[in-house]
Amino acid sequence: LLCRLKPGSHGSRSARGSSHPAFPEPSMDELTQALVLGQFEPFFQPKACLTNGTIHSAEALARWRHPQRGLVPPDSFIPLLEQHGLIDQLTEQIVQKTARAWQSWSAQGKQFEVSINLSLSSLSNPGYAARLIAILDHSGIAPRFIVFEVTESAAMSDVPHSLENLARLRMKGYGLSIDDYGTGYSSMQQLIRIPFSELKMDRSFVTAACKDNAQVLVLASSLALAKELRLDSVAEGIESASDWRLLRRLECRYAQGYLIGKPVPQAEFLDSVAGWSEAYANLPHDVRADA
Ligand code: C2E
Ligand code: MG
Ligand code: MG
Ligand code: MG
């Protein structure tokens, strides 16, 4: 069964709408103004290697630094930017600022992989991959440091040009990750059609597995699939040492979640990484490795 989303929809997230009841939903003018003023910026959340705890990568997560509202989370503006046809402009700004963050860390001797979220509505534009490639080529970052995340439902939908765009990005050498894996419906046939490099287990599966033993099977079978297809595997929503231990035992490759670090501004990222190294070293031995 294929999950067909209309371009511009954003899964169940759009249904929730603005999470700031004290403020009215931002208008198209306000959003356009925010783009012009450059008020959107990426926060970065680390991903750690489950075998040795080292930070391997950072996911860029958009925030709106609003002069009155303060920091606005993406669920309150991404669906609106998609509806108003402005999402491509946001993505370009996030890509540009992420490239700058990468350069700054690199100058301090730290080269992380960085991942960037893409919207389904962008992928229907035939020249989209070429535009992203042009921006990134200009920034001079080697393609192996870049990963694009596309939600499972977006990746599997049959909007025109999406497969073409994804294939171009992959051929350029960027990684391609299936985000929120397990929340959509994908057949094996579709999974092998798109040249993905990573499978990212949705937080809800991780949460369920950590609470209920029977649910572990769901996670284990997705991880087995990733292994079979030779994809990297990442688990979202790792919040405790016991989550870490479970995912490590299931041989998932990378972990992302509040245990390792919350999304932080670029300037705080290296401190967050250092804080995690210390916390990891203090985890009980049986959490870090099997005795
Ligand atoms: P996502 O890509 O699946 O990102 C993971 C979300 O889970 C992030 O929420 C992150 O802050 C949150 N999270 C991470 N670890 C934990 C944890 O341990 N516990 C809990 N409870 N939550 C955790 P955030 O930053 O609010 O982003 C929400 C969604 O908005 C993202 O989901 C992504 O789909 C979308 N998004 C964010 N930035 C962009 C962007 O630049 N472009 C597009 N198209 N979408 C974006
Ligand atoms: Mg993501
Ligand atoms: Mg995700
Ligand atoms: Mg998710």
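What counts and what doesn't
- Residues numbered from 1 in each chain as written.
- Chains lettered and ligands numbered in written order.
- Predicted model: local features only at pLDDT ≥ 70, side-chain atom pairs only at ≥ 80, totals over all residues.
- Heavy atoms only, no water.
- Phe/Tyr/Trp six-rings, centres within 6.5 Å; stacked < 30°, edge-to-face > 60°.
- Helix = DSSP H or I, 4+ residues; strand = E, 2+ residues; numbered from the N terminus.
- Buried < 20%, exposed > 50% of the residue type's maximum accessible area, 1.4 Å probe, protein only.
- Lys NZ or Arg CZ within 6 Å of the ring centre and 35° of its normal.
- Arc of directions from axis to C-beta.
- Contact = heavy atoms within 4.5 Å.
- Donors = N, O, S within 2.8 Å, 3.2 Å for Na, K, Ca; no water.
- Axes fitted to C-alpha atoms, helices over the stretch in contact; angles between N-to-C directions.
- Parallel < 35°, antiparallel > 145°, perpendicular 65-115°, else oblique.

Visitor: I would appreciate a short explanation of the packing of aromatic side chains in the present structure.
Guide: Inspection of the entire model under this criterion finds 13 aromatic pairs. Plain terms: the ring middles of Trp105 and Phe269 are 4.8 Å apart, the flat faces sit at 35° to each other, and that makes the pair tilted. Placement of Trp105 in helix 4 (residues 87-107) and of Phe269 in helix 13 (residues 266-281) is noted, with a sequence separation of 164 residues between them. For the pair Trp105 and Phe269, one class covers both residues: buried. These aromatic residues form a ring-pair network of at least three members: Phe44, Trp105, Phe112 and Phe269. Directly above the ring of Tyr280 sits Arg288, whose terminal nitrogen or CZ lies 6.0 Å from the centroid.

Visitor: How should I be thinking about helix 2 (residues 28-36) in this particular structure?
Guide: One full turn of an α-helix is made of 3.6 residues, so residues set three or four places apart face in the same direction. Listed as buried for helix 2 are Leu31, Ala34 and Leu35. Down the axis of helix 2, the buried side of the element spans an arc of 100°, and every buried residue falls inside it. For helix 2, exposure combined with an orientation more than 90 degrees from the buried face picks out Asp29 and Val36. At its buried positions, helix 2 is contacted by strand 1 (40-49), strand 2 (55-66), helix 3 (78-83) and helix 4.

Visitor: What am I meant to see in the coordination of the magnesium ion (ligand 3) here?
Guide: Perfect tetrahedral coordination of a metal by four donors corresponds to 109.5 degrees between them, and perfect octahedral coordination by six donors corresponds to 90 or 180 degrees. Donor atoms from the polypeptide that coordinate the magnesium ion (ligand 3) comprise Asp179 (OD), Asp180 (OD) and Glu236 (OE), at 1.6 to 2.5 Å from the metal. On the primary sequence, the residues serving as donors to the magnesium ion (ligand 3) are separated as D-D-x55-E. Separating the magnesium ion (ligand 3) and the magnesium ion (ligand 2) is a distance of 3.8 Å, and Asp179 donates to both of them. Residue Asp180 is found in strand 6 (residues 175-181), and its partner Glu236 is found in the loop between strand 8 (232-235) and helix 12 (241-249); the two are separated by 56 residues along the sequence. Residue classification places Glu236 among the buried positions, given a relative accessible area of 13%.

Visitor: I keep staring at the coordination of the magnesium ion (ligand 2) and nothing clicks. Help me out?
Guide: Looking at the magnesium ion (ligand 2), the protein donor atoms are Glu59 (OE), Asn117 (OD1), Glu149 (OE) and Asp179 (OD), and they sit 2.0 to 2.3 Å from it. Binding-site remark: the magnesium ion (ligand 2) is held by donors from one chain whose sequence spacing is E-x57-N-x31-E-x29-D. In this structure Glu59 comes out as buried when scored by relative accessible area, which is 5%.

Visitor: What exactly am I supposed to notice about the packing of helix 6 (residues 128-139) against helix 8 (residues 162-172) here?
Guide: Any two packed helices are characterised by the angle at which their axes cross and by the distance between the axes. Where helix 6 contacts helix 8, the two axes come as close as 8 Å, and the packing angle between them is 30°. Taken together, the axis directions place helix 6 and helix 8 in an arrangement best described as roughly parallel. From helix 6, Tyr128, Ala129, Ala130, Leu132, Ile133 and Asp137 reach across to helix 8, where they touch Asn165, Arg168, Leu169 and Lys172.

All quantities given are derived from atomic positions and should not be read as evidence of function.
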